[in-house]
Amino acid sequence: GRDTEFYLRKGYTVVSVEANPQLVEKGREKFKSEIEKGQLTIIDKAISDSAGTIDFFIFENKDDWGTISPEWNRSLDSKVKTIKVETVTLSSLMQQYGTPYYMKIDIEGADVICLQSLLETKERPTYISVELLTPNNLGKGVNALDILCHLRVLGYNKFLVSDQSKNAHIT
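Note that this is a predicted model, so its numbers are computed, not measured.

## Thoughts on the side chain of Ser 117
Tracing the backbone through its elements, the reader meets Ser 117 in helix H5 (residues 111–118). Apart from residues no more than four positions distant in its own chain, Ser 117 is found in contact with Leu 90 and Ser 91.

In structure tokens, the structure reads:
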């Protein structure tokens, strides 16, 4: 919810996708007013390449690292809870809510799914933010070059790469 709160404070309308039911509930409580005003929509599903259900992995010590990628374990922690969640495609969300001006993709190892989905759309966000990788995930199916190549194929040709760990103080 930190990113959601940041964009709501700036006055933006936000569509947030969160598969972890506990985080969805916290978000609905915290942003009740913004939801009622229509400034925020929370989609309680996981983004996938098809609609249906999928295993979702929640790391008990770091609940914001939930993922649909079983090999994605950023904390190298064995305390993982698996639940079933509904899925939605990015292209169907864009059909329903429109093309966003800015899209933040941060779905823990499954980010390429979003980029591949954008290949199916005529309109693309003006700006995209996407995680590349962390040292814990090297060799776990996450490839920064794949992500950059997808962005280039989608028509993005200017990139800003930043180490978000150096931005921890920004709120």
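## As for the packing of helix H4 (residues 90–97) against H5
Axis angle and axis distance: for two packed helices, these are the angle between their axes and the distance between the axes, and together they describe the pair. Look at H4 against H5: their axes get within 8 Å of each other, and the N-to-C directions meet at 60°. Relative to H5, the element H4 is oriented oblique. Contacts between H4 and H5 involve Leu 90, Ser 91 and Met 94 on the former and, on the latter, Cys 114, Ser 117 and Leu 118. Across the contact of H4 with H5, the residue classes break down as four nonpolar, two polar and no charged.

## Comments concerning the pattern of salt bridges
A pair can form between side chains of opposite charge whenever their charged atoms are brought close. Under the definition given, this model contains seven salt bridges. A salt bridge links Lys 104 to Asp 3, with the shortest nitrogen-to-oxygen separation between them at 2.3 Å. With Lys 104 in strand E6 (residues 102–105) and Asp 3 in helix H1 (residues 2–9), this residue pair connects regions lying 101 residues apart in the sequence. Using a relative accessible area of 34% as the deciding quantity, one classes Lys 104 as partly exposed. Asp 3 gets classed as partly exposed once you look at its relative accessible area, which sits at 37%. Between Asp 106 and Lys 104 there is a salt bridge, and its shortest N-O distance comes to 3.4 Å. Here the salt bridges share partners, and the residues they tie into one network are Asp 3, Lys 104 and Asp 106.

## Thoughts on the side chain of Ser 16
Relative to the assigned elements, Ser 16 resides in strand E1 (residues 14–17). Taking the relative accessible area as the measure of exposure, Ser 16 reaches 18% and is therefore buried.

Basis of the calculations
Residues numbered from 1 in each chain as written. Predicted model: local features only at pLDDT ≥ 70, side-chain atom pairs only at ≥ 80, totals over all residues. Heavy atoms only, no water. Helix = DSSP H or I, 4+ residues; strand = E, 2+ residues; numbered from the N terminus. Contact = heavy atoms within 4.5 Å. Axes fitted to C-alpha atoms, helices over the stretch in contact; angles between N-to-C directions. Parallel < 35°, antiparallel > 145°, perpendicular 65-115°, else oblique. Nonpolar A, V, L, I, M, F, W, Y, C, P; charged D, E, K, R; others polar. Salt bridge = Lys/Arg side-chain N within 4 Å of Asp/Glu carboxyl O. Buried < 20%, exposed > 50% of the residue type's maximum accessible area, 1.4 Å probe, protein only.

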